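So you can see what is in the structure, the chains are spelled out below.
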Amino acid sequence: MTNHTAPARLVLEDGRSFAGHAYGATGTTLGEIVFNTGMTGYQETLTDPSYHRQIVVMTAPHIGNTGVNDEDPESGRIWVAGYVVRDPARLPSNWRSRRSLDDELAAQGIVGISGIDTRALTRHLRERGVMRAGVFSGDALGDKTDSELLEEVLKAPAMVGADLAGEVTTSEPYVVEALDEDGSPLAEPRAVVAAVDLGIKAMTPQRMAERGIRVHVLPSTSTIEDVLATSPDGVFFSNGPGDPGAATHEIELLRDVLDRKIPFFGICYGNQLLGRALGFGTYKLGYGHRGVNQPVVDRRTGKVEITAHNHGFAVDAPLEGESVAPHDDGRYGRVVVSHVDLNDDVVEGLEALDLPAFSVQYHPEAAAGPHDAAYLFDRFLDLMNDTKGAR
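Analysis parameters
Residues numbered from 1 in each chain as written. Predicted model: local features only at pLDDT ≥ 70, side-chain atom pairs only at ≥ 80, totals over all residues. Heavy atoms only, no water. UniProt positions renumbered as here; feature names shortened; annotations may be inferred. Helix = DSSP H or I, 4+ residues; strand = E, 2+ residues; numbered from the N terminus. Rg over C-alpha atoms; globule rule 2.2 N^0.38 Å. Buried < 20%, exposed > 50% of the residue type's maximum accessible area, 1.4 Å probe, protein only. Contact = heavy atoms within 4.5 Å. Lys, Arg positive; Asp, Glu negative; His and termini not counted. Charge placed at Lys NZ, Arg CZ, Asp CG, Glu CD. Domains from an automatic or database assignment. Buried area = accessible area lost by both parts, 1.4 Å probe. Salt bridge = Lys/Arg side-chain N within 4 Å of Asp/Glu carboxyl O. Polar contact = N/O pair within 3.5 Å; in protein donor to acceptor, adjacent residues only side chain to side chain. Axes fitted to C-alpha atoms, helices over the stretch in contact; angles between N-to-C directions. Parallel < 35°, antiparallel > 145°, perpendicular 65-115°, else oblique. Nonpolar A, V, L, I, M, F, W, Y, C, P; charged D, E, K, R; others polar. Phe/Tyr/Trp six-rings, centres within 6.5 Å; stacked < 30°, edge-to-face > 60°. Lys NZ or Arg CZ within 6 Å of the ring centre and 35° of its normal. Pairing = 2+ DSSP bridges.

An unreviewed UniProt entry lists the chain under the name Carbamoyl phosphate synthase small chain, with Cellulomonas persica given as the organism. The record held by UniProt for the chain lists under Sequence similarities (unreviewed entry) the comment "Belongs to the CarA family." Comment text from UniProt for the chain, heading Subunit (unreviewed entry), reads "Composed of two chains; the small (or glutamine) chain promotes the hydrolysis of glutamine to ammonia, which is used by the large (or ammonia) chain to synthesize carbamoyl phosphate. Tetramer of heterodimers (alpha,beta)4."

A separate point is the overall build of the chain. The secondary structure content of the chain amounts to 10 helices and 20 strands. Over its C-alpha atoms the chain spans a radius of gyration of 21 Å, differing by no more than 12% from the 21 Å that the globule rule assigns to 391 residues. On the principal axes, the C-alpha backbone points of the chain span a range of 70 × 45 × 40 Å. Within the chain, the proportion of its 391 residues that are buried is 60%. When contacts within the chain are restricted to residue pairs at least 6 apart in sequence, long-range pairs at least 24 apart make up 74% of them. For the chain, the centre of its 35 positive side-chain charges and the centre of its 57 negative side-chain charges are spaced 3 Å apart.

Our next topic: the domain arrangement of the chain. Domain boundaries assigned for the chain yield domain 1 (7-155) and domain 2 (165-390). Its C-alpha centre places domain 1 at a distance of 29 Å from the equivalent point of domain 2. Facing 21 residues of domain 1, the contacting portion of domain 2 comprises 20 residues. Around 1,800 Å² of area is buried between domain 1 and domain 2 when both sides are counted, 50% of it from carbon and sulfur atoms. In this structure, the connection of domain 1 to domain 2 is made through 1 salt bridge. At the boundary of domain 1 with domain 2, the tally comes to 12 residue pairs in polar contact (both at pLDDT 80 or more). When residues of the side of domain 1 that touches domain 2 are traced back to their parent elements, those giving at least two are β3 (28-36) and α3 (118-128). With 4 residues, the top contributor of residues to the side of domain 1 that touches domain 2 is β3.

This next bit is on the packing of helix α8 (residues 248-259) against helix α9 (residues 269-278). Between α8 and α9, whose axes approach to 9 Å, the crossing angle comes to 70°. Relative to α9, the element α8 is oriented roughly perpendicular. Here Glu250, Ile251, Leu254, Arg255 and Leu258 of α8 lie close against α9, whose contacting residues are Leu273, Leu274, Arg276, Ala277 and Leu278. Split into classes, the residues belonging to the contact of α8 with α9 amount to 7 nonpolar, no polar and 3 charged.

Let us now look at the packing of aromatic side chains. Scanning the entire structure with this criterion turns up 7 aromatic pairs. Ring centres of Phe358 and Phe380 lie 6.5 Å apart, and the angle between their planes is 70°; this geometry places the pair in the edge-to-face category. Of the two residues, Phe358 is situated in strand β20 (residues 357-360) and Phe380 in helix α10 (residues 375-390); the sequence distance between them amounts to 22 residues. Exposure class is identical for Phe358 and Phe380. Each is buried. An aromatic cluster of three or more residues is present, and its members are Phe236, Phe265, Phe358, Phe377 and Phe380. Positioned above the aromatic ring of Trp79 is the side chain of Arg77, whose terminal nitrogen or guanidinium carbon lies 3.8 Å from the ring centre.

Before going further, it helps to spend a moment on the sheet that holds strand β2 (residues 17-24). Spatially, the 7 strands close up into a barrel ordered β1-β2-β8-β6-β4-β3-β9, and their pairing is mixed. Across the sheet, the mean angle separating the axes of adjacent strands is 35° when strand polarity is ignored. Strands in contact with α3 are β1 (7-12), β2, β3, β4 (54-58), β6 (82-84) and β9 (131-137); relative to β3, the strand with the most contacts, it is inclined by about 80°. Running over the sheet, helix α4 (residues 146-153) touches β1, β2, β3 and β9 and is turned about 60° from β1.

Within the UniProt annotation, "active site" (unreviewed entry) is assigned to Cys268, His363 and Glu365. Considering the C-alpha atoms alone, the annotated residues occupy 98 residues of sequence yet fold into one spot, their largest mutual distance being 11.3 Å. Looking at the secondary structure, you find His363 in the loop between β20 and α10. Taking relative accessible area as the criterion, His363 reaches 3% and is therefore assigned buried. For His363, the residues in contact, after removing those within four places along its chain, are Lys201, Asn239, Ile267, Cys268, Ala308, His309 and Asn310. Glu365 sits in the buried class, given a relative accessible area of 0%. Excluding anything up to four places from it in sequence, Glu365 contacts Lys201, Met203, Thr204, Arg207, Ile267 and Phe377.

Written out as structure tokens, the structure reads:
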């Protein structure tokens, strides 16, 4: 277990620093510092590949109370670059807990810091925007001054322009088999989906499998031939880290899918890539949306959903009315913004009116988070069935 009396320091790109105590592993970690407003779900957050190369600040003051179990991880490892908490649990208490969060962070080499004013830090990031940062403890801290530590922070790469899907994707394709209503294997799937893994969370193909869909999870480097080899009824693009403007291969792959009028569904990073494939721009948000309490309106139904988010980029598309997709003189036809964030009017979903394609910016698999948006997987299945029926 970490020596919680060992000093640690968090240094931000703009020069502000916070003194605290080592939490998890000791050493140095660098990355973009972001905050997560979720009151629960820290284990899913840590194992979400979308947090690759990011130092995550938890705004909830008490972290680690339920320890770490073997059921909730969203991938095979912790992906965050570093972890910042105010009051770590002294002793976990939960019937599913197998070990403490502190021990898990240390075992996986995740450098963290505790005992700092995370409220002040979050207010600072809301005012100044997310930025590069570093956590230093143990020998990596030593007697170094803040100026010396800041020099290390400024050497870290920025998130803008970062193409990271290839660093988190599966190395080999795999299949998640379709399930019947009782959870037993389904001999004949209701649909087949090729899911391109850009940093996919484990619960996403599981939600599709629960609806009788066989899911072929493919690496981000897959070609259109790889996709077609699965004989898909639909194609899915997952969440993932990095700047969507740098994902040139994935955008061209998506255009190949759209050209063939294969039903498409994308979430989070997949939403941003659909936007860019259609010809819209993307931009970096000041501090992003990360948590499980974002209100979003589905304009098709007028329903307001409380949704789970993890994104620092957004699509730049007209909020009102129909627009023509800008790419290649509008060859993809009309598009509407289907979902909007009620806090700040950020685009939260796109729907193509002349193609079988739609996407949302948030996480309908809701691990962790509310289940308000689970209907989107049903909408995808309906889209595939409708397209098959029209052929």
